[in-house]
Amino acid sequence: TSPPADAVDAMLVRVFEEAPAAIAIHKGPEHRFVFANRRFRESSDGRPMIGRTYAEAFPEFAQQGYVDIFDKVFTTGESFVATGARADTPRTAGGPAEERYWNLTFQASRGVDGQPDGVTSFVFEVTEHVLARREAEAAGHRYDDLVEALGVVVFCVDPEGWRPVWVRGRVLEVLGVDAAQVSTSQAWWERVHPEDLGPVYTARGSLAAEGDRYRIEYRQRSGESGWRWVAESGQLQREHGSATLRTWGLVQDVSERVASQE
């Protein structure tokens, strides 16, 4: 036999209360709070919610357009899903609104007549992830700017076949080709002067253990018939968070220095 309805309701309340997502249930066209689980309460600043409308409980979210989204979900019955959506709110009572990001699902609930009678929200805060990703992207841009300013090429390759993983910097100025043309292993060998190919092969192949380094100067094809001198250095390093070894290196044009010495 099936358990009594009250027992089922109590079980669902316990499941929702301990769920990893922040869950709230709103009823009626004004989206009045009838339930907010522990994670939802902890994500706010302790303000009262139950019995209040969404706009009353979170006026800052209403100003950011979320009541309009609730209205649409309630009216159409269509769910709303967003990843990394910004919704600023205080973390502590009386504190300032903070920049915060969330993965959101707003889903219509239906009454016995099959019509929408409320909205249930499932929310995960992802502020730390979004800000960390933003900082990583900013750091990447700063790194690219620095490489450009130094006038060099930096690269990461698979040491086994010298297949490029990525290449950045002044590729055209230093290597004499655009970035797309150095996307294969062959491109890193065919532009080396034939007389220097042996030493380059030896230098690049000398990396046997993590931390091993090499440095070599050689002639690199420039245009159709000319040559330029470049200095290339590399080190075998473990990829961050992985057991995979990569060769990370730098190439710079040293033609002027070599010419002055000659």
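Everything that follows concerns the structure shown earlier in this document.
What you see is a predicted model; the values in this text were computed from it and never measured.

Draft legend 1. Region of the structure containing empty space enclosed by the protein. Scanning the entire structure with this criterion turns up two cavities of 30 Å³ or more. Volume-wise, the largest cavity comes out at about 180 Å³. Taken together, 16 residues make up the lining of the largest cavity; nearest its centre are Phe40, Tyr54, Phe61, Trp102 and Val123. Sorting the residues of the lining of the largest cavity by element identifies helix H2 (38–43), helix H5 (66–76), strand E4 (101–110) and strand E5 (116–125) as the ones contributing at least two each. In terms of residues, the lining of the largest cavity owes the most to one element, E4, which gives three residues. Of the residues belonging to the lining of the largest cavity, the class tally is 12 nonpolar, four polar and no charged. Taken as a whole, the second largest cavity spans an internal volume of roughly 50 Å³. Lining the second largest cavity are Leu175, Val177, Val182, Ala187, Trp188, Arg191, Tyr218 and Gln220. Every element with two or more residues in the lining of the second largest cavity is listed here: helix H8 (187–190) and strand E8 (213–222).

Draft legend 2. Expanded view of the pairing of strand E6 (residues 153–158). Burial of E6 is extensive: six of the six residues sit out of reach of the surface. Sheet topology places E6 next to strand E7 (residues 163–169); six bridges connect them, and they run antiparallel. Across the sheet, Val157 pairs through a bridge with Pro164, a residue of E7. Hairpin connection between E6 and E7: a loop of four residues separates the two successive antiparallel strands, and Trp162 in this loop has a positive phi of roughly 60°.

Draft legend 3. Expanded view of H5. Among the residues making up H5, those that are buried are Tyr66, Val67, Phe70, Val73 and Phe74. One side of H5 holds all its buried residues, which, seen down the axis, span an arc of 120°. Exposed and oriented more than 90 degrees from the buried face of H5 are Asp68, Lys72 and Thr75. Following H5 by one or two positions, Gly77 adopts a phi angle in the positive range, close to 80°.

Draft legend 4. Main features of the environment of Arg91. Tracing the sequence through the fold places Arg91 in the loop between strand E3 (80–86) and E4. Taking the C-alpha atoms as reference points, Arg91 and Glu60, 31 residues apart in sequence, are found 13 Å from one another. Ignoring any residue separated from it by four or fewer positions in sequence, one finds Arg91 in contact with Ser44, Asp45, Glu98, Arg100, Glu125 and Thr127. One polar contact links Arg91 to Glu98, side chain to side chain, over a distance of 3.0 Å. There is a polar contact of 2.8 Å between the side chain of Arg91 and the side chain of Glu125.

Draft legend 5. Highlighting the side chain of Arg204. Looking at the secondary structure, you find Arg204 in helix H9 (residues 197–205). For Arg204, a relative accessible area of 4% translates into the label buried. Of note is the side chain of Arg204, whose polar atom sits 3.4 Å from the side chain of Tyr218.

Cut-offs applied
Residues numbered from 1 in each chain as written. Predicted model: local features only at pLDDT ≥ 70, side-chain atom pairs only at ≥ 80, totals over all residues. Heavy atoms only, no water. 1 Å grid on protein atoms, 1.4 Å probe; cavity = no way out; pocket = protein on both sides within 12 Å on 5 of 7 lines; lining within 4 Å. Points joined across faces, edges and corners; volume = space filled by probe spheres on them. Helix = DSSP H or I, 4+ residues; strand = E, 2+ residues; numbered from the N terminus. Nonpolar A, V, L, I, M, F, W, Y, C, P; charged D, E, K, R; others polar. Buried < 20%, exposed > 50% of the residue type's maximum accessible area, 1.4 Å probe, protein only. Pairing = 2+ DSSP bridges. Arc of directions from axis to C-beta. Contact = heavy atoms within 4.5 Å. Polar contact = N/O pair within 3.5 Å; in protein donor to acceptor, adjacent residues only side chain to side chain.

Bear in mind that shape data such as this cannot, by itself, settle questions of function.
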